[in-house]
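Spelled out, the chains give:
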Amino acid sequence: MDSMYSVLKSLVPQNEWPSYVTSLIAETQKKKAFPRLLYIYTQEKMWSEYMDYIRKDPSIYEIDEAPNEVKKLFREEIIKLYAADVRNYFQRASSRDSYRNGVAYIRKLIRYGGSKEAEQIVIEQKSRTPRRPALIDELSKL
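Quick look at the structure, then. Values in this document were obtained by computation on a predicted structure and should not be read as measured data.

Re helix H9 (residues 115-128)
For H9, spanning 14 residues, the distance from its first C-alpha to its last is 20 Å, which sits close to the expected 20 Å at 1.5 Å a residue. Of the positions making up H9, those classed as buried are Glu117, Ala118, Ile121, Val122 and Gln125. One side of H9 holds all its buried residues, which, seen down the axis, span an arc of 140 degrees. Set apart from the buried face of H9 by more than 90 degrees, the exposed residues are Lys116, Glu119 and Ser127. On its buried face, H9 is in contact with helix H7 (75-92), helix H8 (96-111) and helix H10 (133-140).

See the structure below:
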């Protein structure tokens with residue numbers, strides 16, 4: 001994909017490239033080819049647009065896959081969105097495996113700089129589900 005994008009960029013005159021990218025983005029959005037859209041944003045270093053996409057439908061996966069530049073520029077917002085999605089994940093979690101995955105997400109949240117949010121999620125989960133020993137056991141491993 002990188003080589004195709006480079007060839008495309010070399011074929012379009014430099015002064016026409018910005019308008020070409022705009023039309024390429026519009027066409028990609030129309031086709032709902034979102035992975036390609038995120039690829040274009042990354043190649044063009046359009047971090048605000050990348051973050052706008054994440055804001056529309058925040059998910060653990062989309063945040064994890066975001067370029068480091070996006071995570072650094074929008075650090076506080078990334079932490080809030082990630083923490084909200086981790087909370088949603090725990091609402092649906094019902095087995096030891098899903099609790100382990102949830103704990104792994106909490107660890108990532110801490111790596112992103114959300115220690116305070118992670119601590120709050122652990123407290124919420126322990127108080128919300130005191131009769132789930134598997135959950136309490138997995139959370140205690142943090």
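Still more ground to cover, so stick around.
Here's the deal with the packing of aromatic side chains
Under the definition given, this model contains seven aromatic pairs. Plain terms: the ring middles of tyrosine 89 and tyrosine 105 are 5.1 Å apart, the flat faces sit at 90 degrees to each other, and that makes the pair edge-to-face. Pair noted here: tyrosine 89 is in helix H7 and tyrosine 105 is in helix H8, with a separation of 16 residues, a long-range link. According to the relative accessible area criterion, tyrosine 89 is buried, its value standing at 15%.

Focus: the packing of H7 against H9
The geometry of H7 relative to H9 is characterised by a closest axis approach of 10 Å and an angle of 20 degrees between their N-to-C directions. By the angle class used here, H7 and H9 are roughly parallel. For the crossing formed where H7 meets H9, the hand is right-handed. Of H9, the residues touching H7 (which contributes Ile79, Ala83, Val86, Arg87, Phe90 and Gln91) are Glu117, Gln120, Ile121, Glu124, Gln125 and Arg128.

A few points about the environment of aspartate 57
Position of aspartate 57 relative to the elements: it lies in the loop between helix H4 (47-56) and helix H5 (60-65). Sequence separation between aspartate 57 and alanine 93 is 36 residues, and the spatial gap between their C-alpha atoms is 20 Å.

Comments concerning the nonpolar core
Ile54, Val70, Phe90 and Ile106 are the most contacted members of the largest nonpolar core, which totals 42 residues. Broken down by secondary-structure element, the contributors of at least two residues to this core are helix H2 (17-30), helix H3 (34-43), H4, H5, H7, H8, H9 and H10. Sequence-distant contacts of phenylalanine 90, that is, excluding residues within four places in its chain, are made with Tyr99, Gly102, Val103, Ile106, Ile121, Gln125, Arg128, Leu135 and Leu139.

Rules behind the numbers
- Residues numbered from 1 in each chain as written.
- Predicted model: local features only at pLDDT ≥ 70, side-chain atom pairs only at ≥ 80, totals over all residues.
- Heavy atoms only, no water.
- Helix = DSSP H or I, 4+ residues; strand = E, 2+ residues; numbered from the N terminus.
- Expected span 1.5 Å × (residues − 1).
- Buried < 20%, exposed > 50% of the residue type's maximum accessible area, 1.4 Å probe, protein only.
- Arc of directions from axis to C-beta.
- Contact = heavy atoms within 4.5 Å.
- Phe/Tyr/Trp six-rings, centres within 6.5 Å; stacked < 30°, edge-to-face > 60°.
- Axes fitted to C-alpha atoms, helices over the stretch in contact; angles between N-to-C directions.
- Parallel < 35°, antiparallel > 145°, perpendicular 65-115°, else oblique.
- Left-handed = near helix turned anticlockwise from the far one by under 90°.
- Core = buried A, V, L, I, M, F, W, Y, C linked by side-chain atoms within 4.5 Å.

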